[in-house]
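Overview (structure and organization)
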Amino acid sequence: MQWHAEFAWLGDEVAADVLLETDGERFTAVTPGVPAPPGTSRLPGLTLPGLADAHSHAFHRALRGRVQAGSGTFWTWREQMYKVADRLDPGTYRALATAVYAEMALAGISCVGEFHYLHHRPGGAPYDDPNAMGEALIAAAADAGIRITLLDTCYLAGGIGRPLQGPQLRFGDGSAGNWARRVDSLHEQTGKAGGLHARVGAAIHSVRAVPREQIRAVADWAKGRGAPLHVHLSEQTAENEACQDAYGMTPTRLLAECGALGARTVAVHATHLTPADIGLLGGTMTGVCMCPTTERDLADGIGPARDLFRAGSPICLGSDQHAMIDLFEEARAVELDERLRTRERGHWTAGELLAAATWNGHYGLGWPEAGRLEPGAYADLVAVSLDSVRTAGAGPAFAAETAVFAATAADVRAVVVSGREIVRDGRHLLVDDVPGALRRAVSMITERDDGCE
């Protein structure tokens, strides 16, 4: 198969007239400055590698709009999230996640990292298939045509020294050993399928939810399988204070002492860090996933993204609770939030932010062979319009800047994942009527509400 891009971002520059050739799911040649051969599929605008959403909680999509009514804090938001979590089963979760992942595809996302902790029945009893909920998510990604890293999450406590209770009981496996035995089965099953669209990684929900003596077991599981390991880190100052009181150190230091940092680890949020924390993360090349639309929606704060990058941490992006699904907005928010924090402009180049949205995210999700337009990489691409009301006028010399600082998910025109066309002319080819699918899936979960959950 051949595609011809009017312009394409090749990692360090925007090139014109780029011929992209594939054999199955991989690129075989990427050649700039070539006229379009007859019969080649044309890609107008700017072509990018597929985007990677490195941090997703698919079921949070059911909260969009509802939790924006009224006021409160992260902790009051969390109580509303728990109510939704308590209503899902494998069937409704697959329907919702399929619609959410289709929305992602329409936004140019070819791979998602699903931070998955909704494991068991309400009350905590396992399903007959203990991995039924995780399998529903893997199937949903296939239904929507994107790849997934299921970051199966260890979640054992309701806070430091506190047991799980209420809806949290669905999250727990009792111990890290029980968690590992359950996840081993899913990991082996996915491996036997060849890992063509799904891989299984690990997650430590947070230092609040996994006791100190259990953290190393989760980290060792990931290390022994060469799998990615993700962890919510210092999203709230209350977490830092509780960790300091219980262990006499910051959450970052605790993770370091438990062997949970390193190049295969991604810390999510990393909002409230000390200079020493930044040094630990950067010095171990631990990745950091920034989720600016969630961090500002939940009033979490602005994380030190540029300081982390300078220290050695690769930066990737996630849409987290899906207040919106738009990695262009996540990318530019990293720069714009830094401007608010420092009252200076120009901290990140467009190329650095595109790398965060593409290759860095894929690497952090355990797909290092994706996220670049080059021979041997997965044939993932996203065509972004340069002639919409948002993007028209800047010209090709500023195509990368236009994509980062002006485009939105609505400007995505075409998406190809592993050589397979998923989106054409802004329409999903596998899921009919994505807004309708979202509406139906959300209503199944929230139909008992009065419209303000």
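Everything below is about the structure printed above this text.
Now for a description of the structure that goes with this document. (Residues numbered from 1 in each chain as written. Predicted model: local features only at pLDDT ≥ 70, side-chain atom pairs only at ≥ 80, totals over all residues. Heavy atoms only, no water.)

1. Describing the sheet that holds strand β13 (residues 381-384)
Within the open sheet, the 8 strands sit side by side as β3-β2-β1-β4-β13-β14-β15-β16. Their pairing is mixed. Two strands lie at the open edges of the sheet, namely β3 (26-31) and β16 (427-428), each paired on one side alone. (Pairing = 2+ DSSP bridges. Helix = DSSP H or I, 4+ residues; strand = E, 2+ residues; numbered from the N terminus.)

2. Here's the deal with the layout of surface pockets
Roughly 300 Å³ of internal volume is contained in the largest pocket. Surrounding the largest pocket, 17 residues form its lining, Arg199, Gly226, Ala227, Pro228 and Gly366 being those nearest its centre. Looking at the lining of the largest pocket residue by residue, the class counts come to 7 nonpolar, 7 polar and 3 charged. (1 Å grid on protein atoms, 1.4 Å probe; cavity = no way out; pocket = protein on both sides within 12 Å on 5 of 7 lines; lining within 4 Å. Points joined across faces, edges and corners; volume = space filled by probe spheres on them. Nonpolar A, V, L, I, M, F, W, Y, C, P; charged D, E, K, R; others polar.)

3. Observations concerning the side chain of Arg182
Of note, Arg182 is situated in helix α4 (residues 176-192). Residue Arg182 is classed as buried on the basis of its relative accessible area, which comes to 7%. With residues near it in sequence (within four places) discarded, Arg182 still touches His119, His120, Pro130, Asn131, Asp152 and Asp173. (Buried < 20%, exposed > 50% of the residue type's maximum accessible area, 1.4 Å probe, protein only. Contact = heavy atoms within 4.5 Å.)

4. Brief notes about the packing of aromatic side chains
In the structure shown here, the tally under the stated rule is 10 aromatic pairs. When the ring of Tyr117 is compared with that of Phe171, the centres are 4.8 Å apart and the planes differ by 75 degrees; the resulting orientation is edge-to-face. Here Tyr117, found in the loop between β6 (109-116) and α3 (132-144), pairs with Phe171, found in the loop between β7 (147-154) and α4; they are 54 residues apart in sequence, far enough to count as distant. Here Tyr117 matches Phe171 in class, with each residue buried. Counting every residue linked through ring pairs, the aromatic cluster contains Phe59, Tyr82, Tyr93, Tyr117, Tyr155 and Phe171. We note Arg147 situated over the ring of Tyr378; from NZ or CZ to the ring centre the distance is 4.4 Å. Arg199 extends its terminal NZ or CZ atom over the ring of Trp367, reaching a point 3.7 Å from the ring centre. (Phe/Tyr/Trp six-rings, centres within 6.5 Å; stacked < 30°, edge-to-face > 60°. Lys NZ or Arg CZ within 6 Å of the ring centre and 35° of its normal.)

5. A look at unusual backbone geometry
At His269, a position not held by glycine, the phi torsion is positive, near 85 degrees. Assignment of secondary structure puts His269 in strand β10 (residues 265-269). For His269, a relative accessible area of 0% corresponds to the buried category. The phi angle at Asp433 is positive, at roughly 55 degrees, despite the residue not being glycine. On the secondary structure map, Asp433 appears in the loop between β16 and α15 (434-446).

6. Digging into the environment of His116
As for its position among the elements, His116 is in strand β6. Accessibility expressed as a relative area gives 2% for His116, which makes it buried. With 38 residues separating them along the chain, His116 and Cys154 place their C-alpha atoms 8.9 Å apart. Discounting chain neighbours no more than four positions away, the residues touching His116 are Tyr93, Met133, Gly134, Leu137, Leu150, Leu151, Asp152 and Thr153.

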